[in-house]
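Residue-level listing of the chains:
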Amino acid sequence: MSRGWTLSLLFTFTIVLPAAILTLVALRGLQQERARAAQQFHDELRLSAIRSAANLDLEIEDLLRVLDQPWTQASQTAEVSRVPMVVVEAAPEAVSWAPAAALSYNPGPVHAVAPPADLDAAQHCELRDQAYEKALAAYRASSGAPQWSMFLQARLLRKMNRGHEAEAAWRNLLGLPDTRLGQLPSHFIARYETSPDLALLKELEDGRWPMHRTLFRYYDSELRKAAHAESRPVAAKTRLADTVATFVESPRATLPDGSFAWWRNSPSGVRAVILSQQAVLASIWPRVALPRLNFGLTGEADAIRPRSFARGWGIRMDTSAPPQLAAFDRQRRWFEAMLALMLGLIAFGAHFLFKAVRHEMETARQQAEFVATVSHEFRSPLTGLRQLVDLLERGRVGSEDRKREYYGMMAGECARLTRLVENLLDFSRLESEKKAYSFELLDPQALLTEIAEGFRHERVSLELNIPASLPLIRADRVTLATAVQNLLDNAVKYSPESSVVWLEASCANGAVAITVRDRGVGIAPSEQSRIFDRFYRVPGAMSKKVKGAGIGLALVQRITRAHGGRVSLESQPGEGSAFTLHFEVAS
């Protein structure tokens, strides 16, 4: 066993260890190459981020040129710009912006348009004196401002609960040219009074009806209620108008929705370029961005910060799983797979090498024990024969009865030697596959009876249970008898004194079964799979006391297989064993 372990360890250290070291060195080199490639990728990505930041600043500087242009030219530039920006000029008396349709409402002050003087006097009759009929007549008699006249008529008729006439007046107002009444467009007022629906809400949000923020909030809320659209999201133009209004109120304030404003003071007030976050990310950033770069609010220390944007905004670099490292990862997985396969194959080979060495050493040990056992088996009868011959030769045996007894003992020892020699010769021929069989139709009952008649042993008695009408089998008489005699000898060896050994036969399912059964020591289940191996003997004190070479059962199995049969065993420790030979019935 020590030699087997030595060979296995030598095999491991001379093959496995160098191969593992070479593979680990290759993996280490691959890891270093990967680290260099990752650093190079990061440096290139950072350089790309710096270039993108510079290009982003150039784009913003190009947009900010409108701050130095005359307002007319600046507004035209904003109208045709490829970037959805808003140019705002905020003066104390008014706010101008371009494009004109960019906002939902006017973020600056809105000047109200007053009614004509004659209508103003008629309003006094309505509001102060509550002379509704007189006021209505005055409204109808006015010819200076038809929109104001129709608006005041419709409002007064509704107050007087004359709904149909009021409805007609609102529709007449829609038929007149649109003009401003106070701070509101006349057509908007007429439509709001006659059909406050979702279409009017969409027009309001789209900036068709410019008005002050306070009025916009009121009508936006009322139209949402009338159109059952309270959950409708805030329009983009409304959000942008809120941003511009916040900037007009305080240029240094933080704008809502993360919008951006770049502004300069001008003789007329403040001029600014305002961009929404969506405009920057959707219109400007895609033109300057390179792969694996993202622009937005970030707290990362290594983010690149464009100088045109407020603090907190920067370019983030996506360094996760760069494609340049995929080849290194594939190579590493391939190396690891090859290392695992190599170690597995080497371990597999070392395992079988150890088993082979152990098997050969076990065989050598069994052969050595076999030689010693056979020598002892031969020495015992030869010693007895030599003693008997010496006594007879010296004439020390006087009576004829004693001589006949000695002759019988000598014949028994000669028969024992003959069986031993025949077993050895048969086993050798079977091992070398040179055994010649003489198959014939054989009556099992006659053969077993003949074997039983020749069985003589003083330790045990033999009982037969053999039917007289067994079918014929095709077998070699001599070798089959050898197999049965070996089973009987084995049963006798492992049976106690004055016990019984049974020789039985039966026929079932087209096969003849020959069984040798005893009440001996039995065989443990863990040993039953090995007892038919050559030179193998069950370990234990009983095996040391019983003589044997370990070839009897191996010879039985080989003979049975040569006849196309099989051997079965039923045994329990302490309850005995039953060996059965199964042969097919001859056709």
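All of these numbers come straight from a predicted model, not from anything done at the bench.

What counts as what
- Residues numbered from 1 in each chain as written.
- Predicted model: local features only at pLDDT ≥ 70, side-chain atom pairs only at ≥ 80, totals over all residues.
- Heavy atoms only, no water.
- Helix = DSSP H or I, 4+ residues; strand = E, 2+ residues; numbered from the N terminus.
- Buried < 20%, exposed > 50% of the residue type's maximum accessible area, 1.4 Å probe, protein only.
- Contact = heavy atoms within 4.5 Å.
- Areas by Shrake-Rupley, 256 points an atom, 1.4 Å probe, with all protein chains shown as cover.
- Salt bridge = Lys/Arg side-chain N within 4 Å of Asp/Glu carboxyl O.
- Pairing = 2+ DSSP bridges.
- Axes fitted to C-alpha atoms, helices over the stretch in contact; angles between N-to-C directions.
- Polar contact = N/O pair within 3.5 Å; in protein donor to acceptor, adjacent residues only side chain to side chain.
- Phe/Tyr/Trp six-rings, centres within 6.5 Å; stacked < 30°, edge-to-face > 60°.
- Arc of directions from axis to C-beta.

Draft legend 1. Here's a closer look at the overall build of the chain. Along the chain, the regular secondary structure elements total 17 helices and 15 strands. Within the chain, buried positions represent 40% of all 587 residues. Contacts in the chain between residues far apart in sequence, at least 24 positions, make up 63% of those at least 6 positions apart. With the model as given, the accessible surface of the chain reaches about 32400 Å², and the carbon-plus-sulfur share is 55%.

Draft legend 2. Here's a closer look at the pattern of salt bridges. Tallied over the full model, the rule gives 26 salt bridges. With its nearest N and O atoms 2.8 Å apart, the salt bridge here joins Arg162 to Glu165. What makes Glu165 partly exposed here is its relative accessible area of 35%. Via salt bridges that share partners, Glu133, Arg140, Arg162 and Glu165 belong to a single interconnected network.

Draft legend 3. View of the sheet that holds strand β15 (residues 576-584). With mixed pairing, 5 strands are arranged side by side in an open sheet as β10-β12-β13-β15-β14. Single-partner strands in this sheet number two, and they are β10 (460-465) and β14 (566-572). Neighbour-to-neighbour, the strand axes of this sheet turn through a mean angle of 15°, independent of strand direction. Strand direction decides the pairing type here: β10 and strand β12 (residues 499-508), joined by 6 bridges, are parallel. Bridged to Ser461 within β12 is Val500. Running over the sheet, helix α15 (residues 477-493) touches β10, β12, β13 (511-518) and β15 and is turned about 170° from β15.

Draft legend 4. Just the side chain of Asn106, in detail. Summarising the element assignment, Asn106 is placed in the loop between β2 (95-98) and α3 (117-127). Residue Asn106 is classed as buried on the basis of its relative accessible area, which comes to 14%. Separated by 2.9 Å, the side chain of Asn106 and the backbone nitrogen of Gly108 make a polar contact.

Draft legend 5. Region of the structure containing the packing of aromatic side chains. Within the structure shown, the criterion is met by 16 aromatic pairs. Seen in terms of ring centroids, Phe188 and Tyr192 are 6.3 Å apart; in terms of plane orientation they differ by 20°. Their pairing is stacked. Here Phe188 and its partner Tyr192 are both found in helix α7 (residues 186-194), 4 residues apart, which amounts to about one turn of the helix. The buried category is assigned to Tyr192, whose relative accessible area is 16%. Judged by centre distance (5.0 Å) and plane angle (75°), the ring pair of Tyr218 and Tyr219 falls under edge-to-face. An aromatic cluster of at least three residues, connected via ring pairs, comprises Phe260, Trp262, Trp285, Phe295, Phe309 and Trp313.

Draft legend 6. Region of the structure containing the sheet that holds β2. An order of β2-β1-β6-β5 is seen for the 4 strands of this open sheet, with the pairing classed as antiparallel. Of all strands in the sheet, those with a lone pairing partner are β2 and β5 (260-266), marking the two edges. Within the sheet, the average angular offset between the axes of one strand and its neighbour, ignoring direction, is 15°. Inspection of the sheet shows β5 paired to strand β6 (residues 269-275) by 7 bridges, in the antiparallel sense.

Draft legend 7. Molecular detail of unusual backbone geometry. Residues Ala98 and Pro99 are joined by a peptide bond in cis, for which omega reads -5°. Mapping Pro99 onto the fold places it in the loop between β2 and α3. In the Ramachandran plot, Asn161 falls in the positive-phi region, its phi being about 60° despite a non-glycine side chain. The exposure class assigned to Asn161 is exposed, which follows from its relative accessible area of 70%. Phi angles above zero are rare outside glycine, and Arg292 is one such case at about 70°. Counting through the fold element by element, Arg292 comes out in the loop between α11 (277-288) and β7 (293-297). On the basis of relative accessibility, which here comes to 25%, the residue Arg292 falls in the partly exposed class.

Draft legend 8. α3, seen in detail. Turning to α3, its buried residues number three or more, namely Leu119, Ala122, Gln123, Cys125 and Glu126. On an axial view of α3, the arc spanned by its buried residues comes to 155°, and they lie on one face. Opposite the buried face of α3, by more than 90 degrees, sit the exposed residues Ala117 and Leu127. Check the buried side of α3 and you find it contacts α4 (132-141) and α5 (146-159).

Draft legend 9. Main features of the pairing of strand β1 (residues 86-90). The buried fraction of β1 is high, at 5 of 5 residues. Burial along β1 is two-sided: Val86, Val88 and Ala90 facing one way and Val87 and Glu89 facing the other are all buried. Looking at chain direction, β1 and β6 are connected through 5 bridges and run antiparallel. In the strand pairing of β6, Val87 is matched with Val273. When β1 meets β2, the two strands line up antiparallel, connected through 4 bridges. In the strand pairing of β2, Val88 is matched with Trp97. A loop of 4 residues connects β1 with β2, the two strands running antiparallel in sequence.

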